Amino acid sequence: MSASKTIAARPAPKKGKDRRKLSLPVVLLIIAGGLALVSLVRVISGANDITSVGQVRGALALAVPIGLAGLGGLWAERAGVINIGLEGMMILGTWFGAWAGFQWGPWVGVLFGVLGGCLGGLLHAIITVTFGVNHIVSGVAINILAVGVTRYLSNFAFDGVQGGSSKQSPRIDPIDRITVPGLSDWMQDLQQQHWFLISDLAGIIGGLVTGLSLLTVVALLLVPATWWILWRTPFGLRLRSCGESPVAAETLGVNVYKYKYIAVTVSGGLAGLGGAFLAIVSTGIYQEGQTGGRGYIGLAAMIFGNWMPGGMALGAGLFGFTDSLKLRGGAENVHAMLLLLAILLVIAVFWQLYKKKYVSAAIAAAVSALLFTWYFLTDQVPSQFVDAAPYVTTLLVLSLSAQRLRMPKANGVPYRKGEGK
């Protein structure tokens, strides 16, 4: 048996203290409990829009580009390369997707958006893998370079074209959307009844079967596809071994450089796809600065998800949901979220007491009391807080989940070919 097949067949070493993995029934129970809690908050606050069909559709549309960026970060970091340049690769995806999209159609634009992101990923791989430059420095440089390159190219590609300018592209034809007939209308009718739990579940299902872009379907399928490729194939095992111990992988015949190049290029392509989604599906037009930091939020979603596709998708959904709240009934919806957060902190207090972490429990209790006070003494939150809600959520989620995170061991660690010989 060859060395490369040996590593593919070898089981991962067991740790002394393996964390318990949540079974599917437990996960479903947690999801059901979370939905019941959101429904309770909706009934108490009267903010019926927080689980409406429109809210779920908006949250999904906002979560997809974040999720694609996070998925790209996952590919790179599982191979041991930190990809801070996701934002720049998304910018390249928006520009190239719009440039090709308004000329040859939206699906060609999607392809060029992916290729634009791949170029950014390939450049990051050359700088970090071949030349050994610090990953953070390279990523920041790519972000700056992408802004400058797209601004320069826009002067030639869009300026003077009908509907375009130096800062935006002409209008791009939309990608087809699908709606499940019958089921969509039924879910909307149930959601408008405002029944406890039933209407909330109907709103979620309705948002997933109403006006769904075909590119959204592709993006959703990429999450399980990534899980299967990286965790169920010999290729994925070799790629992940490069992020855990590249020296050991090299001793077993793995071409570490090759797998790092593949991972970072795919990472850029996924981020570019997220950028193309923004330009073609979300707005139908390229605009300078339209990524709005979503590459960084995608990186945060990946970290929140503990470098796993499912957790990353959950984090992207959370950020997309928060972002959608401010667009639909902003102040009222975010005000209702204060009550939800206060209740979640009460649950956290009991959990910390159970774990005998009394200081953490006291802090959570104090913050929960402040949030309850804020909620009951006000009718809405300031507009500035509404605008900052997605970014505040990012910071809170990362701070609360930091204790359980486990990044790939060799992530960001310099590696030179031949160290394992």
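In the nomenclature of an unreviewed UniProt entry, the protein is known as ABC transporter permease of Streptomyces sindenensis. Its UniProt record gives the protein the following Subcellular location (unreviewed entry) comment, quoted word for word: "Cell membrane".

Draft legend 1. Highlighting a nonpolar patch on the surface. On the surface, Leu40, Val43, Ile44, Phe196 and Leu197 cluster together into a nonpolar patch covering about 410 Å² of accessible area. Assignment of secondary structure puts Ile44 in helix H2 (residues 24-45). The class for Ile44 is partly exposed, based on a relative accessible area of 48%.

Draft legend 2. The pattern of salt bridges, seen in detail. Overall, the coordinates contain four salt bridges when judged by the stated rule. A salt bridge links Arg42 to Asp200; the nearest nitrogen and oxygen atoms lie 2.7 Å apart. Pair noted here: Arg42 is in helix H2 and Asp200 is in helix H8 (residues 198-209), with a separation of 158 residues, a long-range link. Linking Glu244 and Arg406 is a salt bridge whose minimum nitrogen-to-oxygen distance equals 2.9 Å. Residue Glu244 is found in helix H10 (residues 234-244), and its partner Arg406 is found in the segment after helix H17 (383-401); the two are separated by 162 residues along the sequence. For Glu244, a relative accessible area of 24% translates into the label partly exposed. Here the salt bridges do not stand alone but share partners, grouping Arg78, Glu244 and Arg406 into one network.

Draft legend 3. Representation of the nonpolar core in the model. Counting residues in hydrophobic clusters, the biggest one holds 39 residues, and the most contacted among them are Ile66, Leu230, Leu239 and Met302. For this core, the secondary structure elements donating two or more residues are helix H3 (53-78), helix H4 (86-104), helix H5 (106-130), helix H9 (214-232), H10, helix H12 (256-282), helix H13 (294-304) and helix H14 (309-327). Residues within four places of Leu239 in sequence aside, it is in contact with Trp75, Arg78, Ala79, Leu230, Tyr259 and Ala263.

Draft legend 4. Expanded view of the side chain of Thr128. Assignment of secondary structure puts Thr128 in helix H5. Under the relative-accessibility criterion, Thr128 is labelled buried at 5%. From its side chain, Thr128 meets the backbone oxygen of His124 in a polar contact 2.6 Å long. If sequence neighbours within four positions are ignored, Thr128 has contacts with Val81, Val133, His135 and Ser138.

Draft legend 5. Focus on unusual backbone geometry. Look at Asn306: it is not a glycine, yet its phi comes out positive at around 60°. Examined against the element boundaries, Asn306 turns out to sit in the loop between H13 and H14. Residue Asn306 is classed as buried on the basis of its relative accessible area of 17%. Backbone geometry at Lys356 places phi at a positive 60°, although glycine is not the residue there. By secondary structure assignment, the location of Lys356 is in the loop between helix H15 (330-354) and helix H16 (358-377).

Draft legend 6. Up close: the UniProt feature "transmembrane region" (unreviewed entry) in the protein. Per the UniProt record, "transmembrane region" (unreviewed entry) is found at residues 22-44, 56-74, 81-102, 201-230, 261-285, 297-321, 333-351 and 358-377. Counted over residues 297-321, helix gives 84% and strand 0%. Its end C-alpha atoms are 13 Å apart. In the segment residues 358-377, helix accounts for 100% and strand for 0%; the C-alpha atoms at its two ends are 28 Å apart.

Draft legend 7. Fine view of the environment of Ala365. Tracing the backbone shows Ala365 in helix H16. Counting along the chain gives 118 residues from Ala365 to Val247, while the straight-line C-alpha distance between them is 47 Å.

Draft legend 8. Up close: the environment of Met187. Looking at the element boundaries, Met187 is found in helix H7 (residues 183-191). Using a relative accessible area of 5% as the deciding quantity, one classes Met187 as buried. When near neighbours in sequence (up to four residues on either side) are disregarded, Met187 contacts Ala202, Ile205 and Gly206.

Draft legend 9. Summary view of H3. With 26 residues, H3 extends 35 Å between its outermost C-alpha atoms, agreeing within 8% with the 38 Å of an ideal straight helix rising 1.5 Å per residue. The largest bend along H3 measures about 30° and falls at Ala63, with the proline Pro65 one to four residues further on. Among the 26 residues in H3, 22 count as buried, and that is most of the element.

Draft legend 10. Region of the structure containing the packing of aromatic side chains. Enumeration according to the criterion identifies 14 aromatic pairs in this entry. Between the aromatic rings of Tyr152 and Phe156, the centroid separation amounts to 5.0 Å while the plane-to-plane angle is 65°, which identifies the pairing as edge-to-face. Of this pair, Tyr152 and Phe156 are both found in helix H6 (residues 135-157), four residues apart, which corresponds to roughly one turn of the helix. Like Tyr152, the residue Phe156 is exposed in the burial classification.

Calculation rules
Residues numbered from 1 in each chain as written. Predicted model: local features only at pLDDT ≥ 70, side-chain atom pairs only at ≥ 80, totals over all residues. Heavy atoms only, no water. UniProt positions renumbered as here; feature names shortened; annotations may be inferred. Patch = residues over 30% accessible without salt bridge, like charges linked within 9 Å, V, L, I, M, F, W, Y side chains within 5 Å. Areas by Shrake-Rupley, 256 points an atom, 1.4 Å probe, with all protein chains shown as cover. Salt bridge = Lys/Arg side-chain N within 4 Å of Asp/Glu carboxyl O. Helix = DSSP H or I, 4+ residues; strand = E, 2+ residues; numbered from the N terminus. Buried < 20%, exposed > 50% of the residue type's maximum accessible area, 1.4 Å probe, protein only. Core = buried A, V, L, I, M, F, W, Y, C linked by side-chain atoms within 4.5 Å. Contact = heavy atoms within 4.5 Å. Polar contact = N/O pair within 3.5 Å; in protein donor to acceptor, adjacent residues only side chain to side chain. Expected span 1.5 Å × (residues − 1). Bend = angle between axes of the 7 residues up to and from the residue. Phe/Tyr/Trp six-rings, centres within 6.5 Å; stacked < 30°, edge-to-face > 60°.

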